[in-house]
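# Tertiary structure, described
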Amino acid sequence: MSDIPDAPKGPIGRFLAASPDGVGKTIAVAVFICLLASMIVSVAAVSLRPIQEANSLVDKQRNILEVAGIYEPGIDIQEAFQSFEPRVVDLATGRYTDQFDPATFDDAAAASDPELSVELDNDPAGIGRKALYRTVYLLNDDQGALERVILPVHGYGLWSTLYGFIALAPNGNDILALQFYQHGETPGLGAEVDNPRWKALWSGKELRGDGGDGDLKITVAKGVPSADMQAHQIDALAGATLTSVGVDNLVRFWMGEEGFGPYLENLREGGV
Ligand SMILES: Cc1cc2nc3c(=O)[nH]c(=O)nc-3n(C[C@H](O)[C@H](O)[C@H](O)COP(=O)(O)O)c2cc1C
């Protein structure tokens, strides 16, 4: 019998037998680990996506409950959300449309679909395109009478697009609350849009003058409002003028003629 070991057979055998300090083996191990790690990350990303989407939907529903003033910690959010009646509004006519199923209509996808959106020439909210249809959420009282209307709003602040909801009384003019559920403004500055004390300033303000029949007057501005503006002016955030201007622009855009203006007019007149 010979003492000389058999030469390793095949590429795997040769690879295992190669010196661990060799350049080829070091590069091969590094490439293998990179491939394995990227496969693990890809599989995790794909398999977690449905959970992330479900969580983001529940978060949006929680925000709708909050802005409507009916959220309580510990409640079953999906069950409580059943109290709302979602409807799709045709922004041009300001009337509900049955062209789409409100349960599945995707506002974000519609905003980038050329068939369901338009590019804006005049774009104070900095959103680029405007969906022609938007989902609104109606909350009725026990007798079935409309109690609150929740409208989606979004627009650019300083660093990011802010996404939120505004809750209005059925007269389409009295503001009940404003709340953002997504933005990237700076904590302590622009992100103070989430401060409960600032949010509370919105409650009781009116969009338009003359009980809803006058001009759109709602504004976010610095300084003491004139007597005429007291019911319409929200104090701008200290140290965050640019985010405040963004909020002013987006609220005025969505409550104005290009946004929900026609719908709000129909609400005020009692027939959507
Ligand atoms: C790091 C950094 C982050 C900032 N983030 C914001 C912000 O999120 N929103 C905002 O309006 N201003 C932000 N600012 C301040 C603006 O640059 C600007 O100074 C401010 O909006 C002016 O507001 P004022 O007139 O109330 O002081 C930030 C400034 C710095 C240096």
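What comes next is a walk through the structure. Note that the structure is predicted; figures quoted are calculated from it, not measured.

Definitions and limits used
- Residues numbered from 1 in each chain as written.
- Predicted model: local features only at pLDDT ≥ 70, side-chain atom pairs only at ≥ 80, totals over all residues.
- Helix = DSSP H or I, 4+ residues; strand = E, 2+ residues; numbered from the N terminus.
- Rg over C-alpha atoms; globule rule 2.2 N^0.38 Å.
- Buried ≥ 20, exposed ≤ 12 C-beta atoms within 10 Å, placed from the backbone.
- Pairing = 2+ DSSP bridges.
- Axes fitted to C-alpha atoms, helices over the stretch in contact; angles between N-to-C directions.
- Contact = placed C-beta atoms within 7 Å.
- Expected span 1.5 Å × (residues − 1).
- Core = buried A, V, L, I, M, F, W, Y, C linked by C-beta atoms within 7 Å.

Counting its secondary structure elements, the protein chain contains seven helices and ten strands. Against the 2.2 N^0.38 benchmark of 19 Å for 272 residues, the protein chain shows a C-alpha radius of gyration of 27 Å, more extended than a compact globule. For the C-alpha atoms alone, the extent of the protein chain along its principal axes is close to 110 × 45 × 40 Å. Burial statistics for the protein chain: of 272 residues in total, 28% are counted as buried.

Another aspect to go through is the sheet that holds strand β1 (residues 84-90). Strand order across the open sheet formed by six strands is β2-β1-β5-β6-β7-β8, with antiparallel pairing between neighbours. Looking at which strands have only one partner, the edges of the open sheet turn out to be β2 (95-97) and β8 (175-182). Strand-to-strand, the axes of this sheet are offset by a mean angle of 35 degrees, without reference to chain direction. As paired elements, β1 and β2 share three bridges and run antiparallel to each other. Its bridge partner being in β2, Asp 90 is matched across the sheet by Arg 95. Here helix α2 (residues 23-67) sits on the sheet and contacts β1, β5 (133-140), β6 (146-156), β7 (161-168) and β8; the angle it forms with β8, its principal contact strand, is near 160 degrees.

All right, on to helix α6 (residues 241-255) then. With 15 residues, α6 should reach 21 Å at 1.5 Å per residue; the first-to-last C-alpha distance of 21 Å fits that figure. Across the 15 residues of α6, twelve count as buried, placing the element largely inside the fold. Every buried residue of α6 is listed here: Thr 243, Ser 244, Gly 246, Val 247, Asp 248, Asn 249, Leu 250, Val 251, Arg 252, Phe 253, Trp 254 and Met 255. Buried-residue contacts for α6 involve β6, β7, β9 (219-221) and α7 (261-268).

Notably, Asp 210 is not glycine yet its phi reads approximately 50 degrees, a positive angle. Mapped onto the fold, Asp 210 is located in the loop between α5 (196-200) and β9. The class of Asp 210 is exposed, set by 10 C-beta atoms lying within 10 Å.

Ile 64, Ile 150, Leu 151 and Ile 166 are the most contacted members of the largest nonpolar core, which has 47 residues in total. Only α2, β1, β5, β6, β7, β8, α6 and α7 provide two or more residues apiece to this core. A per-element tally of this core places α6 first, with six residues. In this view, Leu 151 contacts Val 136, Phe 165, Ile 166, Leu 168, Trp 254 and Phe 260; residues no more than four positions away in its chain are not counted.

Quick look at the environment of Glu 192 now. Secondary-structure assignment places Glu 192 in the loop between β8 and α5. A count of 19 C-beta atoms within 10 Å places Glu 192 in the partly exposed class. Each C-alpha atom of the pair Glu 192 and Gly 214 lies 31 Å from the other, and the pair is 22 residues apart in sequence. For Glu 192, the contacting residues outside a window of four places in its chain are Trp 198, Leu 237 and Ala 240.

Read these as layout, nothing more, since geometry by itself doesn't imply function.
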